[in-house]
Amino acid sequence: MLQINRVTKQFGGIKAVDDLSFRVKKGSIHSIIGPNGAGKTTLVNMITGVYKVDSGTIFLDGADITNISTDKLVYRGICRTFQNLEICENLTVLENVLLGFDKYMDKSLLKSCFRAKSIQVDEARYKQRALHLLGLIGLEKLADQKAENLSYGILKKLEIVRALGTSPELILLDEPVAGLNPKETQEVSNLIKTVVADEVTIILVEHDMKMVMQISDYITVMNFGKKLAQGTPEQIANNEDVIRAYLGSGVVC
Amino acid sequence: MLKRYNINRDILTLSAILIIVPFFFQNDFYYEIAIVSLLNSLICIGLNMLMGYAGQVSLGHGAFAGLGGYIAVILGSKYGITPLFSIFIAVITMAIFAFIISKPILRLKGHYLAMATLGVGIIISIVLNVEDELTGGSDGMSVDSFTVFGYEFNSSLQWYVLCAILLVFTIWMFTNLINSPFGRVLRSIEGSEKAANSVGINVSHYKSIVFVLSVVIATIAGSLYAFFSGFISPSEASFSHSIELVVMVVLGGLGRIYGAIIGAVILTILPQLLTSFEDYQTLIYGAIIIFVMIFMPKGIASVYEDLKGRLFASNK
């Protein structure tokens, strides 16, 4: 589905992502792991058009999507969440989820100013769908709460649900369980599994190894911007290069 | 019917106040202050949409209103175009102007955006002062009377009715807009541009639209003010007028639908109430603003909304 060909991104003298290539299979959970500073978030930012790639190409289902801006990619079925929570705290929980449906909504000025019937009808319909999505994470009761009043863990889940509103074919989750407790982590894992069952492909950037090993179909390991290894969770768990990158080279001082 | 057209209690209250208040006016001066309050309210509604909802600061709206007024006035006096049509042309011109400058300026954020709008405002103010052949320079210029299809506006009551209707209509449209998906997009830009972008919203496009809208409203109010007072001078476009408008919005309540009106009315009337203090007028004016901001940091409208919320809660 997604094909990344030799992409490179340089910041000053540092190659954050260096000549990286891999493919993501449709309907799979593809994890990207690596030590801090390995270039994982940079990679996500390149796929979602936040950063321009220095060289290389990115293809989605055979179409070139290199350097297309984030908002346009949403219309091609790519959506993402953020490592550092990006939630509109001035909106309610429900409004945040409704924002996910934004690409389907009619926002013409005249119709909005004069309260066109069609907009009212659409809004009611999307409200039902948004409430349904909130139900997936058991948050219907908090629908009318301002997002700023809610805990970090809830907002992390809210971000994923908001992304689902865009009915994406590919979701990039940048550290979705960072800072969550084990129970919340399990809930996010379950949510991700439900999503994948609907034929959605997921790219997961995460440090929580237990979760990654549990739910991934395939893992790509990065270190210093390069691909260190790739394979199924079992292959990665037994890969010596990976163990060395995470735990040091084995030289005892 | 009220529900069908979304005419809520707040709009009815506003209309009632606007109808009742003139009965207490003792002379033309009261009308004058009321009309200026209404026109300032109009500009502040647009500015509130930009600052309070979309989160983009502008320190140039006084200048935009002034420039819009000048365009309408000059078209009328130099080229003999009827007032209504000259306001229309001024609106189109200012909309194009606002759209063009919005593209580079609204890429900036926070203080830098404030600086940029301040710069544009000051440039406009200087141009109006210097181009004296066209604008009459710092002396200003007199303005022909306002006529609509041959019907002349010469009494204060006529002006009051015109401005009051315009205000109610604007606030009705504004309420609809804010409660629509479009309004949600604006608020999401204030909340998190990254989040808005990640769900497919072209943030810079919406920033431009809301900026143009606010400038259009300022142009309408600015030109009406010029026709009403029969005179226009560069002080309408001055930096201090821009600041005054921002203070009105902040004091009234950023991001509150009626905040703009409350702020504009209070700050237009306040200096008149304080004239008896003579030399100390400005001092007291400043002190009142400081106290309001300390005790009502979210603006005066927020206090009203909190009260309403509490009454609502106690009813349950």
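Residues numbered from 1 in each chain as written. Chains lettered and ligands numbered in written order. Predicted model: local features only at pLDDT ≥ 70, side-chain atom pairs only at ≥ 80, totals over all residues. Heavy atoms only, no water.

A. Molecular detail of a nonpolar patch on the surface. Judged by side-chain polarity, F85, F88, I92, I96, F99 and I100 of chain B come together as a nonpolar surface patch covering roughly 600 Å² of accessible area. Within the secondary structure, I96 of chain B sits in helix α4 (residues 83-105). (Patch = residues over 30% accessible without salt bridge, like charges linked within 9 Å, V, L, I, M, F, W, Y side chains within 5 Å. Areas by Shrake-Rupley, 256 points an atom, 1.4 Å probe, with all protein chains shown as cover. Salt bridge = Lys/Arg side-chain N within 4 Å of Asp/Glu carboxyl O. Helix = DSSP H or I, 4+ residues; strand = E, 2+ residues; numbered from the N terminus.)

B. Summary view of the state of the cysteines. Within the structure shown, the criterion is met by 0 disulfides over all chains. Take C88 of chain A: it sits in no disulfide, and the sulfur closest to it among the cysteines is that of C79 of chain A, at 13 Å. A relative accessible area of 0% places C88 of chain A in the buried class. Cysteine C44 of chain B is unpaired, with the sulfur of C163 of chain B as its nearest cysteine sulfur at 14 Å. (Disulfide = S-S within 2.5 Å. Buried < 20%, exposed > 50% of the residue type's maximum accessible area, 1.4 Å probe, protein only.)

C. Spotlight on the sheet that holds strand β4 (residues 55-60) of chain A. Residues and elements named next belong to chain A. Pairing in this open sheet of 4 strands is antiparallel, and the strands run β2-β1-β4-β5 from one edge to the other. Lying at the two open borders of the sheet, with one neighbouring strand each, are β2 (14-24) and β5 (63-64). The pairing of strand β1 (residues 2-11) with β2 spans 7 bridges and is classified as antiparallel. Within β2, the residue paired with V7 across the bridge is L20. Against the sheet, helix α1 (residues 40-47) engages β1, β2 and β4, with an angle of about 115 degrees to β1. (Pairing = 2+ DSSP bridges. Contact = heavy atoms within 4.5 Å. Axes fitted to C-alpha atoms, helices over the stretch in contact; angles between N-to-C directions.)

D. The pattern of salt bridges, seen in detail. One pass over the structure, following the stated rule, counts 16 salt bridges over all chains. In this structure, the salt-bridge partner of R187 of chain B is E95 of chain A, at a minimum N-O distance of 2.8 Å. Taken together, the residues span two chains, with R187 of chain B in helix α8 (residues 181-191) and E95 of chain A in helix α3 (residues 93-100). A single burial state applies to R187 of chain B and to E95 of chain A, both of which are buried. A salt bridge links E193 of chain B to K207 of chain B; its shortest N-O distance comes to 3.0 Å. On the criterion of sequence distance, the pair formed by E193 of chain B in helix α9 (residues 193-198) and K207 of chain B in helix α10 (residues 203-229) is long-range, its members being 14 residues apart. Linked through salt bridges whose partners overlap, the residues forming this network are K157, K183 and E187 of chain A.

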